[in-house]
Amino acid sequence: MTTPGPHHAYQASLVGTWAFQDKTLPFVKGTLVRTAIFEGCFFQVEITGGQLQIPIADGKTKLANYQGLEMEGYDNVSKSYVTTAINNHIGSDEARQIGQYDAQTNAFMYEWERELLPGLKQKNRKVLHLIDPNQYSEEYYEDQNGSLKKTRELIYTKTMAK
């Protein structure tokens, strides 16, 4: 149960350095570096984006580069993909995403719930489509009034293999 298997290989195909760009918002762009750790059982993802207004305290913000850190893997026991994500934008929370891979659509689908404000929980979905070895996309959805609405689409292009 502790060795990487075929499920880990899907994620291993994403190892490398990627440039990303929001499909509709040109200022949302940056770099993502995914590296294998623990003999390919997990993957560390470091994200550096452009400058955004980052919340600091008491309703104030400052202009700073977006940063994120994620740990991805396949849980052999629960038979699901897992991601734990933290970032410096919109809250100091931790998001644990749980997902599955669909070989027919060549996509991962993750779901999670966030509580950015006390008592205000929101369901989220991320769909990662593997387009080819050098490109993938991520679509983000949020629950708005009982239905999931697409809020962002990022396009990733591989710039360097790891």
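Residues numbered from 1 in each chain as written. Predicted model: local features only at pLDDT ≥ 70, side-chain atom pairs only at ≥ 80, totals over all residues. Heavy atoms only, no water.

Asks: Help me out: how do you make sense of the overall build of the protein chain in this one?
Replies: Helix and strand content of the protein chain: one helix and 10 strands. For the protein chain, the C-alpha radius of gyration of 16 Å lies close to 15 Å, the compact-globule estimate for 162 residues. Based on the C-alpha atoms only, the size of the protein chain along its principal axes is roughly 45 × 35 × 30 Å. Counting every position in the protein chain, which comprises 162 residues, the buried fraction comes to 36%. A separation threshold of at least 6 residues defines the contact pool for the protein chain, and within that pool the share at least 24 residues apart is 33%. Accessible surface computed for the protein chain: about 9,600 Å², of which carbon and sulfur atoms make up 55%. Counting 17 positive and 19 negative side-chain charges, the protein chain places the averaged centre of each group 3 Å from the other. (Helix = DSSP H or I, 4+ residues; strand = E, 2+ residues; numbered from the N terminus. Rg over C-alpha atoms; globule rule 2.2 N^0.38 Å. Buried < 20%, exposed > 50% of the residue type's maximum accessible area, 1.4 Å probe, protein only. Contact = heavy atoms within 4.5 Å. Areas by Shrake-Rupley, 256 points an atom, 1.4 Å probe, with all protein chains shown as cover. Lys, Arg positive; Asp, Glu negative; His and termini not counted. Charge placed at Lys NZ, Arg CZ, Asp CG, Glu CD.)

Asks: How do you make sense of the packing of aromatic side chains when you look at a structure like this?
Replies: Aromatic ring pairs are described here by two measures, namely the spacing of the ring centres and the angle between the planes. Evaluation of the coordinates by the stated rule reveals nine aromatic pairs. Taking the centre distance of 4.7 Å and the plane angle of 75° together, the rings of Trp18 and Tyr136 count as edge-to-face. With Trp18 in strand S1 (residues 16-22) and Tyr136 in strand S9 (residues 135-144), this pair connects stretches of sequence that are 118 residues apart. When sorted by exposure, Trp18 lands in the same class as Tyr136, which is buried. Of the aromatic side chains, those joined through ring pairs into one cluster are Tyr10, Tyr74, Tyr81, Tyr101, Phe108 and Tyr110. Positioned above the aromatic ring of Tyr110, the side-chain terminus of Lys126 is 4.9 Å from the ring centre. (Phe/Tyr/Trp six-rings, centres within 6.5 Å; stacked < 30°, edge-to-face > 60°. Lys NZ or Arg CZ within 6 Å of the ring centre and 35° of its normal.)

Asks: Would you take a moment to explain the pairing of strand S7 (residues 107-117) for this structure?
Replies: Looking at chain direction, strand S6 (residues 95-102) and S7 are connected through five bridges and run antiparallel. Counterpart to Gln100 in the pairing with S7 is Met109. Turn length for the S6-S7 hairpin, with the two strands adjacent in sequence and antiparallel, is four residues, and the turn residue Asn106 shows positive phi of about 55°. Bridge analysis of S7 against strand S8 (residues 120-132) gives 10 bridges, and the strand direction is antiparallel. Bridge pairing links Glu113 to Lys123 in S8. Hairpin connection from S7 to S8: two residues lie between these consecutive antiparallel strands, with Gly119 at a positive phi of about 85°. (Pairing = 2+ DSSP bridges.)

Asks: Mind showing me how you'd approach the nonpolar core here?
Replies: Among the nonpolar cores identified, the biggest contains 23 residues, and Leu14, Leu32, Phe108, Leu130, Tyr136 and Tyr156 are the most heavily contacted of them. Counting only elements with at least two residues in this core, the list comes to S1, strand S3 (42-57), strand S4 (60-75), S6, S7, S8 and strand S10 (147-160). It is S3 that contributes the most residues to this core, four residues altogether. (Core = buried A, V, L, I, M, F, W, Y, C linked by side-chain atoms within 4.5 Å.)

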